[in-house]
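Single-letter residue listing:
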Amino acid sequence: MTFRSVVKLTIFCSIILAGFTVSSTPIRAAQVHILCYHTFLGNPKIDTDFSTTEFESHIRIMENKGYRFRRFSEMRAGTVTGDRNILLVIDDGNQSAYTAAISVLKPRHIPALFAIYPGIINTRKFAMTWAQLRELKDGGNEFASHGYFHEFLNQKLKDKRPADFDKEAVLSKRILEKELGIPIDVYIYPFGVCTVEGKELLKSAGYRYAMTIRSRVTKLPLSQNPNPLELPRTMITRATAKSALSAL
Ligand SMILES: [Zn+2]
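**Digging into the overall build of the chain**
The helix and strand inventory of the chain stands at nine helices and nine strands. Within the chain, the fraction of its 248 residues that count as buried is 34%. Within the chain, contacts between residues at least 6 apart in sequence are counted, and of these 66% link residues at least 24 apart.

Have a look at this one:
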């Protein structure tokens with residue numbers, strides 16, 4: 001092989017290699033990590049609970065990795081692009097979620113979606129009040145139904161207490177809409193339990209989206225997901241927080 005052909009071969013190989021390198025770098029599709037939190041009491045014995053300081057450190061990790069905090073309304077409108085998106089969902093309407101929203105999220109202008117079951121609002125000490133929920137709404141936060149009494153939306157409830165089965169989706173939506181003055185069409189399955197009969201009820205009650213607990217990313221636009229009533233969420237617990245955050 002002559003010197004000239006060696007040079008030609010080297011250039012040829014470099015071009016092929018460069019092409020391979022470029023084409024092997026995948027362009028990641030638009031996506032959002034929907035993260036599920038619960039309470040912020042600072043009780044290390046509760047797996048789904050964090051202190052506000054711990055929550056703040058999670059937020060800082062997400063920010064340092066270049067994630068942007070999104071609203072569900074932006075996802076629904078199809079305006080969210082890129083793969084570094086987070087939707088924070090806080091389940092159950094605990095008083096400590098209000099504290100975390102005001103002390104950790106509000107100063108950073110980070111929105112959250114609160115999953116609320118009206119059966120406890122204004123009636124239980126550990127739960128938020130309607131006034132607090134309205135304050136969070138006025139601050140740009142969003143809301144979803146989390147049932148009426150946080151029951152399993154399944155065949156057992158439908159068979160044994162059909163009126164309560166309906167109430168979980170129908171009455172919850174009606175009360176949230178009346179108290180907050182906004183349309184509610186997102187349902188967060190209590191315990192993450194998603195059933196065929198539950199989805200039928202949600203459809204007839206006018207819900208367009210529902211979220212489960214499955215540790216997967218949600219594709220954007222939302223129409224890319226197999227079922228809008230089964231959008232995945234990653235639950236953040238003391239046991240999983242470290243690995244879930246480092247996997248972002
Ligand atoms: Zn819950």
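We are not done yet, so read on.
**Quick look at the packing of helix α7 (residues 162–180) against helix α8 (residues 196–205)**
Where α7 contacts α8, the axes come no closer than 10 Å and their chain directions differ by 30 degrees. Between α7 and α8 lies a crossing of right-handed hand. Packed against α7, whose contacting residues are Phe 165, Asp 166, Ala 169, Val 170 and Lys 173, the element α8 presents Leu 201, Leu 202 and Ala 205 at the interface. Considered class by class, the residues forming the contact of α7 with α8 number six nonpolar, no polar and two charged.

**Details of α7**
One full turn of an α-helix is made of 3.6 residues, so residues set three or four places apart face in the same direction. A rise of 1.5 Å per residue sets the reference length of α7, with its 19 residues, at 27 Å; its end C-alpha atoms lie 27 Å apart and thus fit the reference within 8%. Helix geometry: α7 is bent most strongly at Glu 168, by close to 45 degrees. Phe 165, Glu 168, Ala 169, Ser 172, Lys 173, Ile 175 and Leu 176 are the residues of α7 that are buried. For α7, the elements touching its buried residues are β4 (113–116), β5 (142–145), α6 (155–160), β6 (186–188) and α8.

**Things to note about unusual backbone geometry**
For the bond running from Leu 220 to Pro 221, omega is -5 degrees, close enough to zero to count as cis. A positive phi is found at Asp 92, a non-glycine position, where the angle reads about 90 degrees. Secondary-structure assignment places Asp 92 in the loop between β3 (85–91) and α4 (95–105). Judged by the 22 C-beta atoms lying within 10 Å of it, Asp 92 falls in the buried class. Of note in this structure, Phe 191 is not a glycine but carries a positive phi near 65 degrees. With respect to the helices and strands, Phe 191 occurs in the loop between β6 and α8.

**Brief notes about the nonpolar core**
By size, the foremost hydrophobic cluster in this structure holds 56 residues, and its most contacted members are Leu 87, Leu 88, Val 89, Leu 113, Phe 114, Tyr 187 and Ala 210. Beyond its immediate sequence surroundings of up to four residues, Leu 113 is in contact with Phe 72, Leu 87, Leu 88, Val 89, Glu 142, Phe 143 and Ala 144.

**Thoughts on the pairing of β4**
Of the two faces of β4, both are covered, the one formed by Leu 113 and Ala 115 as well as the one formed by Phe 114 and Ile 116. Pairing of β3 with β4, which is carried by three bridges, proceeds in the parallel orientation. Residue Val 89 lies in a different strand from β4, and its bridge partner there is Leu 113. After leaving β3, the chain enters α4 and then returns to the sheet as β4, a path that is right-handed. Summarising the sheet, β4 and β5 pair through four bridges and their orientation is parallel. When the bridges of β5 are listed, Ile 116 appears paired with Ser 145. In this fold, β4 hands off to helix α5 (residues 130–138), which returns the chain to β5; that crossover is right-handed.

**Quick word on the pairing of β3**
The element β3 is extensively covered by neighbouring structure, given that seven of its seven residues are classed as buried. Neither face of β3 is exposed, since Asn 85, Leu 87, Val 89 and Asp 91 on one face and Ile 86, Leu 88 and Ile 90 on the opposite face are all buried. Here strand β1 (residues 31–37) pairs with β3 via five bridges, running parallel. Of the residues in β3, the one forming a bridge with Tyr 37 is Ile 90. Where strand β2 (residues 68–69) meets β3, two bridges bridge the pair, whose relative direction is parallel. Residue Arg 68 lies in a different strand from β3, and its bridge partner there is Asn 85. Where the polypeptide runs from β2 across helix α3 (residues 72–77) and back to β3, its parallel neighbour, the crossover connection is right-handed.

**Considerations on the packing of helix α2 (residues 52–64) against α4**
Packing of α2 against α4 leaves a shortest axis separation of 10 Å and a crossing angle of 50 degrees. As judged from the angle between their axes, α2 and α4 are oblique. Every pair of crossing elements has a handedness; the one defined by α2 and α4 is right-handed. Packed against α2, whose contacting residues are Thr 52, Phe 55, Glu 56 and Ile 59, the element α4 presents Thr 99, Ala 100, Ser 103 and Val 104 at the interface. Here the contact of α2 with α4 is composed, by residue class, of four nonpolar, three polar and one charged.

Criteria and thresholds
- Residues numbered from 1 in each chain as written.
- Predicted model: local features only at pLDDT ≥ 70, side-chain atom pairs only at ≥ 80, totals over all residues.
- Helix = DSSP H or I, 4+ residues; strand = E, 2+ residues; numbered from the N terminus.
- Buried ≥ 20, exposed ≤ 12 C-beta atoms within 10 Å, placed from the backbone.
- Contact = placed C-beta atoms within 7 Å.
- Axes fitted to C-alpha atoms, helices over the stretch in contact; angles between N-to-C directions.
- Left-handed = near helix turned anticlockwise from the far one by under 90°.
- Nonpolar A, V, L, I, M, F, W, Y, C, P; charged D, E, K, R; others polar.
- Expected span 1.5 Å × (residues − 1).
- Bend = angle between axes of the 7 residues up to and from the residue.
- Core = buried A, V, L, I, M, F, W, Y, C linked by C-beta atoms within 7 Å.
- Pairing = 2+ DSSP bridges.
- Right-handed = clockwise from strand over helix to strand, strands pointing away.
- Parallel < 35°, antiparallel > 145°, perpendicular 65-115°, else oblique.

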